[in-house]
Amino acid sequence: MKRIGKIACALAACVLIASPALAAEKVRWKLAMTWPSTLTPLASPAPKLAKIVSEMTDGNFEIKVDGAEKHKAALEILDMVKGGQFEMGHSASYYWKGKDITTVFFTSVPFGMTSDEQNAWLWYDDGQKLQEKVYSKFNVYSFPGGNTGVQMGGWFRKEIKSLDDLKGLKMRIPGLAGEVFAKLGVNVTNIAPGEMYTSLDRGTIDALEWVGPGMDIKMGFHKIAPYYYTGWHEPASDMQFLINKEAFDKLPKSYQTVLKTAMQAVAADMLSENFDASAKAWEVMKSEHPNIKVMTFPPEVLKAMKKANDEVMEAYAAQNPEFKEVYDSQQKYMKKAREWSKMSTQYYLETTEAIAK
Ligand code: CA
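Overview of the structure. (Residues numbered from 1 in each chain as written. Predicted model: local features only at pLDDT ≥ 70, side-chain atom pairs only at ≥ 80, totals over all residues. Heavy atoms only, no water.)

1. A word on the packing of helix α4 (residues 115-124) against helix α5 (residues 127-136)
The relative placement of two packed helices comes down to the angle between their axes together with the axis-to-axis distance. α5 packs onto α4 with a crossing angle of 70° between their chain directions and a minimal axis gap of 4 Å. With respect to α5, the axis of α4 lies roughly perpendicular. Facing Trp 121, Leu 122 and Trp 123 of α4, the residues of α5 in contact are Gly 127, Gln 128, Leu 130 and Gln 131. Class assignment of the residues belonging to the contact of α4 with α5 gives a composition of four nonpolar, three polar and no charged. (Axes fitted to C-alpha atoms, helices over the stretch in contact; angles between N-to-C directions. Helix = DSSP H or I, 4+ residues; strand = E, 2+ residues; numbered from the N terminus. Parallel < 35°, antiparallel > 145°, perpendicular 65-115°, else oblique. Contact = heavy atoms within 4.5 Å. Nonpolar A, V, L, I, M, F, W, Y, C, P; charged D, E, K, R; others polar.)

2. Here we look at the coordination of the calcium ion
Listed as protein donors to the calcium ion are Gln 151 (OE1), Glu 209 (OE), Glu 209 (OE), Trp 210 (O) and Glu 234 (OE); their distances from the metal cover 2.2 to 2.6 Å. Of note, the donors binding the calcium ion are all from one chain and are spaced Q-x57-E-W-x23-E. Here the two residues Glu 209 and Trp 210 agree in accessibility, since each one is buried. (Donors = N, O, S within 2.8 Å, 3.2 Å for Na, K, Ca; no water. Buried < 20%, exposed > 50% of the residue type's maximum accessible area, 1.4 Å probe, protein only.)

3. Section: the pattern of salt bridges
Applying the stated criterion across every chain, the model contains 21 salt bridges. Lys 48 is paired through a salt bridge with Asp 269; the nearest N and O atoms lie 2.5 Å apart. Placement of the pair is Lys 48 in helix α1 (residues 45-56) and Asp 269 in helix α10 (residues 253-288), with a sequence separation of 221 residues. Ionic pairing is found between Lys 97 and Glu 179, a salt bridge with its closest N-O pair at 2.8 Å. Of the two residues, Lys 97 sits in the loop between β5 (88-91) and α4 while Glu 179 sits in helix α6 (residues 175-183), which places them 82 residues apart along the sequence. Members of the salt-bridge network, linked through shared partners, are Lys 48, Asp 269 and Glu 273. (Salt bridge = Lys/Arg side-chain N within 4 Å of Asp/Glu carboxyl O.)

4. Quick look at the side chain of Ser 237
For Ser 237, the location among the structural elements is in the loop between β11 (227-229) and β12 (238-244). A distance of 2.4 Å separates a polar atom in the side chain of Ser 237 from a polar atom in the side chain of Glu 234. When near neighbours in sequence (up to four residues on either side) are disregarded, Ser 237 contacts Thr 107, Ser 108, Gly 146, Asn 147, Thr 148, Gly 149 and Gln 151. (Polar contact = N/O pair within 3.5 Å; in protein donor to acceptor, adjacent residues only side chain to side chain.)

5. Focus: a nonpolar patch on the surface
Taken together, Trp 340, Met 343 and Tyr 347 make up a surface patch of nonpolar side chains, about 390 Å² in accessible area. Along the chain, Trp 340 falls in helix α12 (residues 321-356). (Patch = residues over 30% accessible without salt bridge, like charges linked within 9 Å, V, L, I, M, F, W, Y side chains within 5 Å. Areas by Shrake-Rupley, 256 points an atom, 1.4 Å probe, with all protein chains shown as cover.)

6. Considering the sheet that holds strand β6 (residues 140-147)
Ordered in space as β4-β3-β5-β12-β6, the five strands form an open sheet in which the pairing is mixed. Whereas interior strands pair on both sides, the edge strands pair on one side only; in this sheet they are β4 (61-66) and β6. Within the sheet, the average angular offset between the axes of one strand and its neighbour, ignoring direction, is 25°. Those strands touched by α4 are β6 and β12, and its axis lies near 155° from that of β6. (Pairing = 2+ DSSP bridges.)

7. Details of the nonpolar core
Counting residues in hydrophobic clusters, the biggest one holds 85 residues, and the most contacted among them are Leu 49, Trp 210 and Leu 259. The dominant element in this core, judged by the number of residues it contributes, is α10, at nine residues. Two domains share this core, each providing at least three of its residues, namely domain 1 (2-146 + 235-276) and domain 2 (151-233 + 292-318). Contacts of Trp 210, omitting those with residues within four sequence positions, involve Trp 35, Leu 39, Leu 42, Tyr 95, Gln 151, Arg 172, Pro 193, Met 196, Met 215, Asp 216, Met 219 and Phe 221. If you look at the next biggest cluster of nonpolar residues, it comprises 22 residues, including Ile 160, Leu 184, Val 186 and Ala 304. (Core = buried A, V, L, I, M, F, W, Y, C linked by side-chain atoms within 4.5 Å. Domains from an automatic or database assignment.)

8. With respect to the packing of α4 against α12
Relative to each other, α4 and α12 sit at 130°, their axes nearing to 9 Å. Our classification of the angle between α4 and α12 gives oblique. Considering only the axes of α4 and α12, their crossing is right-handed. Across from Asp 116, Glu 117, Gln 118, Ala 120 and Trp 121 in α4, the residues of α12 making contact are Val 326, Ser 329, Gln 330, Tyr 333, Met 334, Ala 337, Arg 338, Ser 341 and Thr 345. A breakdown of the residues in the contact of α4 with α12 according to their chemical character gives six nonpolar, five polar and three charged. (Left-handed = near helix turned anticlockwise from the far one by under 90°.)

Put into structure tokens, the structure is as follows:
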């Protein structure tokens, strides 16, 4: 934007008359979500972002949001943003592990950080810098787009009593957790969110993991697979905003700031929205859905998952320097952050719960 002043001269006096800035630049973007538009809270951040950006720019920067029901390409968001068909996307980084395994760290990894720890790593340690580095090869920017907090371990038709019960099981489970389960004999697949219930209903899969009670129960999985396991594999899943680099770089600086600020605001908002949805769903779960059996995996199974996870991580780190760089950064940060998590949140919960009994 250029400011144009003009010199007006009358008799002997010349004065500079400041004219207002030229009309603000009109920007019209499109954003594609991995989620169907009704799949809140995952489908909440993008429309909220569009509203904030529009209002903060007096309607000059508009972002049109398309859900998966419209573009029909839930798991192709990265390509569409990279190619410029959409300037923005809202998805989850670990869906791109087939293109670049290091993307998994920007969603969540098994036995990894909690949302408090991960947010601190992203914004106050090296996390976001590393995310930008990993995504620069796709010519896109990736920013945190809302966290689910600790996810549940998934829905199973039958109880998992031992490692033998995992063998031959067909399960929808994305990210590195899928590779961990594959090592333990599970037939792993990823399925777009809009097709999960049908796949379970038709027996294409025997088990699946999705998010947590707030999102899971309204999907109806419990009607088919009532064993509901606590989490181990996605302790802090971040969604992501993807932005075409060229489109972002040519925005006026003020619009870039509006966009970045709005992304951070709606990301924080999604963590609260999902926590609220899960707390409310959990409160009524026993009375409204008495068939759901809440379980934890047996220690033998959890130990095998941890061992398989360490092997998967070490194998990637040995062959991929960038994977190793991000893995080392997370592990190093988690080591100190976990001590504080234990001293603060864990002690608080344990001590106050103990006297409440
Ligand atoms: Ca999940």
